[in-house]
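Survey of secondary and tertiary structure
This is what each chain is made of:
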Amino acid sequence: MKSRTTLFVVSALLFILTACSSPVAQSTDTTVLRLAHNMNQSHPIHQSLTHFAEVAEEKSNGSLVFEFYPNEQLGSEREVIELTQTGAVDVTKVSATALESFSPVYALFSVPYLFEDQDHYYEVMESEIATDIYDSTSENGFFGLTFYDAGVRNMYTVNQPIKEPEDLAGLKIRVQPSETAIQMTRLMGGAPTPMGFGEVYTALQQGVIDGTENNETALISTNHGEVAKEYSYTEHAIVPDLLIFSKNRWDSFTEEEQQILREAAIESSQFHKELWAEEINHSIEAAKELGVTFHEDVNKDAFRELVEPMHEQVRNNPDLTPYYDRIQKMSGGSD
Ligand code: GCU
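Residues numbered from 1 in each chain as written. Predicted model: local features only at pLDDT ≥ 70, side-chain atom pairs only at ≥ 80, totals over all residues. Heavy atoms only, no water.

Below, the discussion takes up the site of the ligand. With respect to spatial proximity, 13 residues lie near the ligand, and among them Asn 38, Lys 93, Arg 153, Arg 174 and Asp 241 are the closest. With respect to the ligand, the side chain of Glu 77 contributes an N or O atom lying 3.3 Å from an oxygen atom. The contact in question runs from an oxygen atom of the ligand to an N or O atom on the side chain of Lys 93, over 2.5 Å. Across the complex, the protein chains shield 98% of the 310 Å² of accessible surface that the ligand would expose by itself. Considering only residue class, the shell around the ligand consists of three nonpolar, five polar and five charged. Both domain 1 (2-149 + 239-281) and domain 2 (153-238 + 283-333) contribute no fewer than three residues apiece to the shell around the ligand. (Near = heavy atom within 4 Å. Polar contact = N/O pair within 3.5 Å; in protein donor to acceptor, adjacent residues only side chain to side chain. Areas by Shrake-Rupley, 256 points an atom, 1.4 Å probe, with all protein chains shown as cover. Nonpolar A, V, L, I, M, F, W, Y, C, P; charged D, E, K, R; others polar. Domains from an automatic or database assignment.)

Further remarks concern the sheet that holds strand S10 (residues 241-246). Taken together, the five strands give an open sheet; going across it, the order is S2-S1-S3-S10-S4, and neighbouring strands pair in mixed fashion. Each end of this open sheet is capped by a strand with a single partner; those strands are strand S2 (64-69) and strand S4 (142-148). With direction set aside, neighbouring strand axes in the sheet form an average angle of 25°. With five bridges joining them, strand S3 (residues 91-95) and S10 adopt antiparallel strand pairing. Counted as the bridge partner of Ser 95 is Asp 241 from S10. Together, strand S1 (31-36), S2, S3, S4 and S10 form the strand contacts of helix H2 (residues 44-59), whose direction differs from that of S2 by roughly 160°. Across the sheet, helix H3 (residues 77-86) is in contact with S1, S3, S4 and S10; its angle to S3 comes to roughly 145°. (Pairing = 2+ DSSP bridges. Helix = DSSP H or I, 4+ residues; strand = E, 2+ residues; numbered from the N terminus. Axes fitted to C-alpha atoms, helices over the stretch in contact; angles between N-to-C directions. Contact = heavy atoms within 4.5 Å.)

Ranked by size, the top nonpolar core spans 42 residues in total, and within it Phe 52, Phe 66, Leu 243, Phe 245, Leu 261 and Phe 294 carry the most contacts. Looking at this core, the element that brings in the most residues is helix H10 (residues 255-289), giving eight residues. Two domains each put at least three residues into this core: domain 1 (2-149 + 239-281) and domain 2 (153-238 + 283-333). Excluding anything up to four places from it in sequence, Leu 261 contacts Phe 52, Ala 56, Leu 64, Phe 66, Leu 145, Phe 245, Trp 250 and Phe 253. Counting residues in hydrophobic clusters, the runner-up holds 35 residues, among them Ala 96, Ala 98, Phe 102 and Val 239. (Core = buried A, V, L, I, M, F, W, Y, C linked by side-chain atoms within 4.5 Å. Buried < 20%, exposed > 50% of the residue type's maximum accessible area, 1.4 Å probe, protein only.)

What follows is about unusual backbone geometry. Unusually for a residue other than glycine, Glu 72 sits at a positive phi of about 60°. Residue position: Glu 72 is located in the loop between S2 and H3.

Moving on, we come to the domain arrangement of the chain. The domain architecture assigned to the chain consists of domain 1 (2-149 + 239-281) and domain 2 (153-238 + 283-333). Each of domain 1 and domain 2 has a C-alpha centre, and these two points are 24 Å apart. If you look at the interface, domain 1 gives 40 residues, while domain 2 gives 39 residues. Summed over the shared surface of domain 1 and domain 2, the result is one salt bridge. Connecting domain 1 to domain 2 are 21 residue pairs in polar contact (both at pLDDT 80 or more). Those elements giving two or more residues to the side of domain 1 that touches domain 2 turn out to be helix H4 (118-125), helix H5 (128-134) and H10. No other element matches H4, which puts five residues into the side of domain 1 that touches domain 2. (Salt bridge = Lys/Arg side-chain N within 4 Å of Asp/Glu carboxyl O.)

Spatially, six strands are ordered S7-S6-S8-S5-S9-S11 in an open sheet, and the strand pairing comes out mixed. At either end of the open sheet lies a strand with only one pairing partner, and these are strand S7 (191-194) and strand S11 (293-295). Sheet twist, expressed as the mean angle between neighbouring strand axes with direction ignored, is 35°. Bridge analysis of strand S6 (residues 172-175) against S7 gives four bridges, and the strand direction is parallel. By the bridge assignment, Arg 174 is partnered in S7 with Thr 193.

So this is what it looks like as structure tokens:
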């Protein structure tokens, strides 16, 4: 209910903003696009989205300009996806996990140990499998334009290294609001607590949760490392971030503008790929200074075995099997 009211208020505000800004847009011959996301401005994804906006602006000779709403200003990932469906937001970056309730195929990305390693992940994300998945929501008001590396997800807690499944027993672990993430955490041995990313720091600080799971940048850009001191390389998932675009808005652009936006998206994805490796190293070093310990000696085989039923489920789901098989076929470079 709260979420619907928020959605209504945000949509109404954006409508008023549009009404006020359109005469300016017409007189200067520019089109303003609203770009929302849930990370703060110090996060690498903000830099890559800024790069996307700058490239599009430059290629369009200044006719496509972007208005940024970072930091969950317009709501959680789910709320912003809904705003993108209605066209109140034009473009947003969200985790693939947040998309599974809009198109079931996205659940695949949250299936633990889906990808063998980062090379396998990149191979899939740069193939037609990814573009087929991006188009799966076109009837639903939006589609995917490109992906951004969001690293490897690992468990981290306030004070408990997670090396074996027993170490997770009874621990409240924040997960993204997704059935797949909930099931995964349960099978791995923890007690899943779904919530939006913006609530995690306070929840850790107040002891509402014992830990969470994410890539290393969260330790620094969102300060989780101030509270959570034990980071364990469970490497249970590699989930991409996606740039999604409102379908109605997209259809209102000329082919030339669409081409510019596509090129800018791909360029920003490449920019992000390079930036990401540096940012991970920087986050690890900075987190060590905060007193975070990184644990490499994790029994991943034990976790892998526990989540095997999720792979079985996917293999028995006729909507997901074709994608799953294509992804598996690619591992080890056999495709
Ligand atoms: C990652 C991911 C984000 C996502 C976040 C989360 O940081 O890049 O898109 O929102 O995880 O756990 O919610």
